[in-house]
Amino acid sequence: MSVSRAADVVVVGAGLAGLTAADALVTAGRDVVVLEARDRVGGRLVNHDLGDGLVAEAGGQFVGPTQNQVLGLAAELGVATFPTYAAGDSVYVHGGRARRFGGDIPPDPLALPGLGLAMARMNRLARTIPLEEPWTARHARRWDGTTFATWLRRVTAGTGGLDLVDVFLGSAYGATAAEASLLFSLHYIAGMGDEHTPGTIDRGIAVAGGAQELRFHGGSQLLAVRLARRLDGRVVLGAPVRAVEQDGRSVTVRSDAGAWTARHVVLAVPPVLAARVSWSPRLPPQQEALFGRLAFGALAKCEAVYDEPFWRADGLNGQGVFRAGSTVCSMFDNSPPGDGPGVLMGFLGGRQWRAWAGRPARHRRGAVLRAFAQVAGRRALRPREYFEQDWTAEPWTLGGPTAAAAPGVLTALGPWRDRPFGRVHFAGAEHADYWNGYMDGAVRSGRDTARAVLAAAD
Amino acid sequence: MPLTEVSETAVLAVPVARVWEVIDATDRYAEWVVGVLEVTDHHGAATVGRTYSERNRTVGPLTTRSTWTVERIDPPRRRVDTGTGFAPMHDMTNVFELEPVQVDGGEGTRFTYTVRYRPGLGPVGRLIDRLQRPGLRRSFQASMRNLEDLIVAEGPAETA
């Protein structure tokens, strides 16, 4: 029988939520160990090395207004931001045709009036959602009994509005509006703000003034790297947790790197993975059912590296919006700041991921680069490097970027999302009410969970 | 009703072997042939006597479903298929012909894309046929450019 090491708190998962929780607990004087399954920190934040000290983000990367938690953490860690490149025109691709446009809303005269009205209505309904208890909303049962897509079809004419919302959801949910409940989606929108600013879908989709406004110098993973450094040897890599056993006095966490016994555990891993841990006693069935249903979406990021961001000279900002039928749903100029190489990044999310993930890598590369060429020109066909990050293939993430709840889940099981199980608390971007699934949500959840652990400490 | 033949040639800056590899794949026509919305049934690498099916754009939002039979394969030079589902056009034959050429000192391909068919509907059909030919020629040229772009974008074989 192996000897169990001891700590006040064991944090499982060295993503942004786990590291933030650990940091807060250490600051409060607790003895903490962080167990991470991978051989790196950051979870859904990972930098791709471009050489010469430059990186491109292959995971979560954008931040924007009202995301004060992650922006405050970055400032504290000395990680500066820079604006996402947005000077010049974006390109809207529909039916094989590409059209330049300015701003965030693509030029689709048939879809736009209905979409505009639908967005205004989404914002109005989102303001009625009690953020901490969406299942208590006045129309919760009705809204949770229908998909976001069904509602969008009802309030817009034609398919344009739904198609354009699906462009956004491809990267936001890794899924389509048909896979998420209306109640979940309204809650998600309601959270795109802060305690002083109501959430809006507009803020979620926008670059300037929205959730895609800024990026981090050195890549978003730098936040996790610096947090881990501050934790000063308390992070154990290569330690996948297999079992959590608790009684009235303590919790034992069994990992491939050994066992730790603590007074409290913060489980900061994706909900589906939390459900797969061997629990003793078993998780409450409602919680197990909920976590099992909160599977992440399907998302891959496809990126092409060029000697320079050549599209900028043509007055293009590298942003593309692809209506249904394209290989990617949206794309961005993901170049590092300065005079370095140019990087184009496209999201292969939800429907597009399902269409292309199983195809040979070379076919997928060809299709993605042709989509890039529709936006940036034929030079995009010949990158000096091409890479993909398929988050569904990451065994310690199983998809991305977040878990959109299907109809019926929130009203039936929602109250179990953040409920501690004995001495085990749950954290993660999916456990946040504000900016659910975003870095800001992860930081909020980490801090909230640390507070809950401190309040419960005995 | 006499046969109509529409044929276009383009020089592609990609090797014949790669062009053949892509056109030989019966599941990939939606990726480069203009007007093919999806391949609904296929048999992988083309095999004489076997079929594949497509959903094709016709006019505006209208679509049709077609089935092609592989009639002849002379790798890597010539491929002949016959198709149904394009009424009022009948006796549809599609021919891809490849010839190696030099392009900017590298391997290239002269691609000839030919379709033969018999227009239906008598004089009205002949009129429609005359009207549609320029569009067909443009779509053949666009398809061949798509094919070139696809192969360039996929990169050399060793990156697969």
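Residues numbered from 1 in each chain as written. Chains lettered and ligands numbered in written order. Predicted model: local features only at pLDDT ≥ 70, side-chain atom pairs only at ≥ 80, totals over all residues. Heavy atoms only, no water.

**Focus on the nonpolar core**
Counting residues in hydrophobic clusters, the biggest one holds 78 residues, and the most contacted among them are Val10(A), Met122(A), Phe148(A), Leu152(A), Tyr173(A) and Trp279(A). Not counting the four nearest positions on each side in its chain, Tyr173(A) is found in contact with Ala180(A), Phe184(A), Ser185(A), Tyr188(A), Gly297(A), Gly400(A), Pro401(A), Thr402(A) and Ala404(A). (Core = buried A, V, L, I, M, F, W, Y, C linked by side-chain atoms within 4.5 Å. Buried < 20%, exposed > 50% of the residue type's maximum accessible area, 1.4 Å probe, protein only. Contact = heavy atoms within 4.5 Å.)

**Quick notes on the UniProt feature "binding site: FAD" (unreviewed entry) in chain A**
All names here are of chain A. Sequence positions flagged by UniProt for "binding site: FAD" (unreviewed entry) are, in local numbering, Glu36, Ala37 and Glu430. Position of Glu36 among the secondary structure elements: in the loop between strand S2 (32-35) and strand S3 (47-51). Separated by 2.8 Å, the side chain of Glu36 and the backbone nitrogen of Arg38 make a polar contact. Along the chain, Glu430 falls in the loop between strand S19 (424-426) and helix H15 (439-456). Residues within four places of Glu430 in sequence aside, it is in contact with Arg44, Pro271, Phe296, Pro401, Thr402, Ala403, Arg417, Asn436 and Gly437. Reaching out from Glu430, the side chain makes a polar contact with the side chain of Arg44 at a distance of 2.6 Å. (UniProt positions renumbered as here; feature names shortened; annotations may be inferred. Helix = DSSP H or I, 4+ residues; strand = E, 2+ residues; numbered from the N terminus. Polar contact = N/O pair within 3.5 Å; in protein donor to acceptor, adjacent residues only side chain to side chain.)

**A word on the interface of chain B and chain A**
At the junction of the two partners, chain B supplies 16 residues and chain A supplies eleven residues. Taken together, the two surfaces of chain B and chain A that pack against each other cover about 1300 Å², and 47% of this comes from carbon and sulfur. Connecting chain B to chain A are five salt bridges. For the salt bridge of Arg362(A) with Glu21(B), the shortest nitrogen-to-oxygen distance reads 2.4 Å. (Buried area = accessible area lost by both parts, 1.4 Å probe. Salt bridge = Lys/Arg side-chain N within 4 Å of Asp/Glu carboxyl O.)

**Brief notes about the UniProt feature "binding site: substrate" (unreviewed entry) in chain A**
Residues and elements named next belong to chain A. Here, the residues flagged by UniProt with the feature "binding site: substrate" (unreviewed entry) are Val241 and Phe347. Spanning 107 residues, the named residues are also spread out in space, since their farthest C-alpha pair is 30.5 Å apart. With respect to the helices and strands, the residue Val241 is situated in strand S10 (residues 241-246). Position of Phe347 among the secondary structure elements: in strand S17 (residues 342-349).

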